[in-house]
Amino acid sequence: MNAPTTRRLTVAQALVEFLAHQYTERDGRRHRLINACWGIFGHGNVAGLGQALLESGAASYEGETPGPPALPYLQGRNEQAMVHAAVGYARQCDRLSAHAVTTSIGPGATNLVTGAALATVNRLPVLLLPGDTFATRTADPVLQQLEVPQAGDVSVNDALRPVSRYFDRVTRPEALIPAALQAMRVLADPVDTGAVTLALPQDVQAEAYDWPEEFFADRVWRVTRPLPDADALAEAVAAIRGARRPLLIAGGGVHHSEAEDALCAFADATGIPVASTQAGKGSLRYDHPADIGGIGHTGTATADALAREADLVIGVGTRYTDFTTASATLFAAPGVRFLNLNIAPFDAHKLGAASLVADARAGLEALTKELSGHRVDAAYEAAYGADKAAWERRVDAAFDAADDSVRPSQTQVLGALDALVDDTDIILNAAGSLPGDLHKLWRARSRRQYHLEYGYSCMGYEIPAAIGVRMAAPGRPVWALVGDGTYLMNPTEIVTAVQEGIAINLVLIQNHGYASIGGLSQATGGERFGTDYRFRAADGTYTGAPLPVDLAANAASLGMRVLRAATVGELRAALAEARGANRPTCVYVETETADTVPGAPEAQAWWDVPVAETATRPAAVAAREAYDRHAAGRRRHL
């Protein structure tokens, strides 16, 4: 009997080799699970993972190195931004392929926390490999070590525990084997996925060990499509057949499951209208008769009106955030019930729903089959169809700019882009006032065109995430829509896009402040305090002249080609030129601050942001009175 063969490698070398042989498989299609590793090197990882990536041939990004597949390396500028790029990539890949991120100890590691939270909140896989302090403690404390007097086994990496779906610290070489296998299991699991952290002490990274060859064999993690339970399916079908005004809410799970065609078939067969969350927008094309647009606080008049009167709400792949439910005030019909189709039991049981725990595509296909011959009342279809057409006319009016020589509003910027793009373009955004405008107005033309990170609403996500998206979808135009507030948070990865020749398009909108929070401040009695980018006035507030910053010049200084647009006409020309460019390009535009989003009292869905209960300023007193009126409409769905 032959003795098991081993290979002597360092822990870092073994991990890189292991990651190069991990795959996911769904519907018979195989994908590399960890397709690249982002990294910024310091003393905590340069001689470990840095050396291992170099030795593996990771510098050969085009794959010309013979032998086992290398783990490509990508150079970042900010640790949080590297996670955002990895998350953008994973989402565009339907969570079937992901990236790793390595950092040194200290601030490099703690900079991962925000990105990790974003990944976990949005259920998107990313593998984090921060360096850690010495496991042997022979050099203690080392540079950047946080000493905790009451606990010798704590490091700054413990800050990643609450924002990770799986966390382990590899303090001995042989501990890597179970830790790495558990990490892959979680990353590939559509229920459990999110940020996964393997903290790697810097001395252990460089330590050699005799690894069993089986550890480096190709390993396939199958992503299955669980079918619904027969009894639960029968209950769901009965609920739908018995509903007079059903409404379906499509969440991000529709996209992750590649269930768009199944949803279209369901809507075609039943006539049930489909509204979408931020993560689910584009589950149906905007021009499908059943698509009624975004729902909730930033929803359309059509969707929110239907939600108020729905007697059955069918949630597919949604986790029902407060924006979707209008802080528990939107679903107001007496006796309204919920039916949730979700692969995660935690989400399937929300709002006292009848739950259908299954893959979104498999569940929709089963429902469509069992509902054969059933269709909502023709009058219901006609009514929401007329409302949808009326809303589209209001979108046309918001997008229209009658005079090409004037400065555009923010909605007219979106209108110019809407007139230019086709099914291949990808629109990416995360925070500020743009998500609300996009959710209400954008006309999604394909399944992965609309990329909004709104689970964590993280400023600074857009530029690095656009890089990840473009890597996952080479050849497709990718547009990162960024306000000045977001841009100033995290412009660093422009350098990475330039370095790697990743031709993202940045639409940089200058409106001199935090427009979204300014409006929220106004509505909640804060009088826009601290939300504008202006000089201090005599009364100490920031209400003076706008700051003389030139963000276009900043983007150019980082290597981007910049096209300035002062008018609607110049904007249209600049967007068209950027779309045809083969290098990272920025379209810079200053916008009018007047709000041109369709105003519709019937579409205003509340968002619960508590207002001061006692105040002396009239604005806060009035805001509290309004808050109390809205709060009275909250209800618990049990």
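Details of the structure are given in the entry above.
The structure reproduced in this document is the subject of the present report.

Each value, and the rule that gives it
Residues numbered from 1 in each chain as written. Predicted model: local features only at pLDDT ≥ 70, side-chain atom pairs only at ≥ 80, totals over all residues. Heavy atoms only, no water. Axes fitted to C-alpha atoms, helices over the stretch in contact; angles between N-to-C directions. Helix = DSSP H or I, 4+ residues; strand = E, 2+ residues; numbered from the N terminus. Parallel < 35°, antiparallel > 145°, perpendicular 65-115°, else oblique. Left-handed = near helix turned anticlockwise from the far one by under 90°. Contact = heavy atoms within 4.5 Å. Nonpolar A, V, L, I, M, F, W, Y, C, P; charged D, E, K, R; others polar. Pairing = 2+ DSSP bridges. 1 Å grid on protein atoms, 1.4 Å probe; cavity = no way out; pocket = protein on both sides within 12 Å on 5 of 7 lines; lining within 4 Å. Points joined across faces, edges and corners; volume = space filled by probe spheres on them. Phe/Tyr/Trp six-rings, centres within 6.5 Å; stacked < 30°, edge-to-face > 60°. Lys NZ or Arg CZ within 6 Å of the ring centre and 35° of its normal.

Moving on, we get to the packing of helix α3 (residues 79–92) against helix α5 (residues 112–121). Orientation of α3 relative to α5, taken along the N-to-C sense of each, is 20°, at an axis distance of 7 Å. It follows from the interaxial angle that α3 and α5 lie roughly parallel. As α3 runs across α5, the sense of the crossing is right-handed. Where α3 approaches α5, its residues E79, Q80, V83, H84 and V87 are matched on the opposing element by L112, T114, G115, A116, L118 and A119. Tallied by class, residues from the contact of α3 with α5 come to 6 nonpolar, 4 polar and 1 charged.

All right, on to the sheet that holds strand β11 (residues 219–222) then. Strand order in the open sheet made by the 3 strands is β3-β2-β11, with mixed pairing throughout. Taken across any chain shown, the strands that pair with only one partner, and hence form the sheet edges, are β3 (29–32) and β11. Recorded for the sheet is a direction-independent mean angle of 35° between the axes of neighbouring strands. Examined bridge by bridge, strand β2 (residues 22–26) and β3 share 4 bridges and lie antiparallel to one another. By the bridge assignment for β3, Y23 is matched with R32. Helix α6 (residues 176–188) rests against β2 and β11 of the sheet, and its axis sits at about 35° to β11.

All told, the structure shown has 2 cavities of 30 Å³ or more when counted by the stated rule. Each pocket or cavity is described by its volume, and for the largest cavity that value is around 140 Å³. In terms of lining residues, the largest cavity is bounded by 20 residues, among which K281, D291, G293, E392 and W442 are the most central. Among the secondary structure elements, those contributing two or more residues to the lining of the largest cavity are β14 (291–294), α15 (378–399) and α17 (434–441).

Moving on: the packing of aromatic side chains. Applying the stated criterion to the full structure yields 11 aromatic pairs. Judged by centre distance (5.4 Å) and plane angle (85°), the rings of F331 and F338 are edge-to-face. Ring pairing ties together the aromatic residues F18, Y209, W211, F215 and F216, which thus form one cluster. When the ring centre of Y450 is taken as origin, the NZ or CZ atom of K281, which lies over that ring, is 5.6 Å away. Between R445 and the ring centre of W442, over which it is positioned, the NZ or CZ distance is 5.8 Å.

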